[in-house]
Amino acid sequence: MFAIKSPKAYLQKAGLRAEVGEIVAPFGLRIHILTSPQAWEAVNPQLSESLERAGIRWQLNFLHGECTDAAIETLQNSVQEQDVKVVLAIGGGRVLDTAKAVNDALPDRVLINFSTLAATCAAWSPLAIVYNQQGGHLRSDPLNKMPALVLVDSEVIARSDVRYLKSGIVDALAKWYEFEPYQRQNPDRLALDLKVYAAWQAVAAFEKWGEQAVADNAQQRVTPALEKVIEANIVLAGLANSIQDRLATPGFAHVIHDRLTHQPELHHWLHGEKVGFSLRVQSIIEQNSDRADSRLMGLLQRFNTPLTLPFVGDDRKARVRALAESIRFPADSLQHLPFTITADKLEQALLSTLAD
C-alpha cells in the first residue's frame, strides 16, 4: 500500500497574479496573506487589484526570517484570532513552509500557495522544513493536510534572479540521484518505481530544456523552455517526494544538507546549492572513490553548483571530522541502500572537496 500526498490542483501561467482574486473568491472573501516584502513587491500591484475586484478583504503578515517554531506560532495565532478560513501564502520556501505547518495544525482552514520562486518544490512537497533563527535545520515535519491549490505565475519566475532557478534545478535533480539507489536495492516496490519515474522526468526535462530556460530567465523571458523547467522544479520534484509507502527513503544528500545549514560559511548558499554539493559527497561515497560520477558532475557544473567546501585555517580538517560525525543517517533506512555510510567515509569524501 502506498499514498500520494499532493495539492488538490496546480495552475501555472504567465500573468496569473492578475487572476488570483477570482481563483480565491470561491473559498472565501476574508483571507489572511502570509508573504515576504520581496515576494509582495514581485506580485503587485496586479495581485492586490485582483483581490479588490473580487471583493476580497485581507490581513497582511510579513515573514522576515526563517520558517521557525516562533513564526509558525505567530501565524497560527493570527489566523485563529481573525477567524479567517483561507490562508494565501505568497513567496518562496520559507513562507510556504510556514503556511503549510499552520494549515496542518488547523484542519478547518484552506491553504493556497502562490510560489514566486522555482528554487525548490516547497509549494508542493508534503513537508514543512523548520529552522532555527540562524537558519540551521531543526526538523522536517511530514504533513497530513495539503494545500488546496498551488499557483505559479511564470512571469514572476522569469523576473526573479536566475540563481534561484538554477538552485531549483539542482534540488530537483537530487530526487533521482537520491531515490534511484533505493529502487536498485528494492526493485519490487511500486511506490519507489513511481518516485523514480517522476524524478527521472525532471532530469530529462533539464537535459533538454535546462540551459535554454536559464538563458531565458536571465533575459526575463517566458518561454516554453522556462515553463517546462518550472514544472519540473515544482511539480515533478514535489510529486517524487509525495509518493510514499512504508519504506522510509530519506534522501542522503538532503541529510548532509541539513547539517551544512549549521555551517556559518555556507549560510549564503541557497538550499539547492547545498543539496548539489551534498550530491557530490553522496556520489563519492557511492562510487567508493575520491571522484563523483562524471555525468552528475557535468550537470552540477552546468548549473553553477558550488562544489568546494570553503573551510580555511589550521583547524579545517578537525572541522571536517566534526561535520562528518554530526551527519546521522537513519539506521532503519541505511539497510535499504546499496552502499554503506560511515563517519570515516563521510570524512574522506568531505576532505576531497576542500579548497586548496
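Predicted, not measured: the structure shown is a model, and the values here were computed from it. (Residues numbered from 1 in each chain as written. Predicted model: local features only at pLDDT ≥ 70, side-chain atom pairs only at ≥ 80, totals over all residues. Heavy atoms only, no water.)

**With respect to the environment of Ser283**
Here Ser283 is to be found in helix α11 (residues 271-287). Relative accessible area serves as the criterion here: at 5%, Ser283 is assigned to the buried category. Between the C-alpha atom of Ser283 and that of Glu178, which follows or precedes it by 105 residues, the distance is 9.8 Å. Other than its neighbours up to four places away in sequence, Ser283 contacts Arg291, Ala292, Asp293 and Leu296. (Helix = DSSP H or I, 4+ residues; strand = E, 2+ residues; numbered from the N terminus. Buried < 20%, exposed > 50% of the residue type's maximum accessible area, 1.4 Å probe, protein only. Contact = heavy atoms within 4.5 Å.)

**Considering the state of the cysteines**
Inspection of the entire model under this criterion finds zero disulfides. Looking at Cys67, it has no disulfide partner, and the nearest cysteine sulfur is the one in Cys121, 14 Å off. Judged by relative accessible area, Cys121 falls into the buried class, the value being 4%. (Disulfide = S-S within 2.5 Å.)

**Some points on the pattern of salt bridges**
Evaluation of the coordinates by the stated rule reveals 22 salt bridges. Close ionic contact of Asp83 with Arg109 constitutes a salt bridge, the shortest N to O distance being 4.0 Å. One end of the pair, Asp83, is in the loop between α4 (69-82) and β5 (86-91); the other, Arg109, is in the loop between α5 (93-105) and β6 (110-115), with 26 residues separating them in the sequence. By relative accessible area, which is 10% here, Arg109 ends up buried. For Arg221, the salt bridge is made with Asp216, and the minimal N-O distance between the two is 2.5 Å. (Salt bridge = Lys/Arg side-chain N within 4 Å of Asp/Glu carboxyl O.)

**Describing the domain arrangement of the protein**
Domain boundaries in the protein define domain 1 (3-159) and domain 2 (162-352). With 28 residues of domain 1 at the contact, the number on the domain 2 side is 30 residues. Carbon and sulfur atoms supply 61% of the area that domain 1 and domain 2 bury against each other, a total of about 2,400 Å² over both sides. Every element with two or more residues in the side of domain 1 that touches domain 2 is listed here: β1 (2-4), β2 (9-13) and α6 (154-158). Across the side of domain 1 that touches domain 2, the residue classes break down as 15 nonpolar, ten polar and three charged. (Domains from an automatic or database assignment. Buried area = accessible area lost by both parts, 1.4 Å probe. Nonpolar A, V, L, I, M, F, W, Y, C, P; charged D, E, K, R; others polar.)

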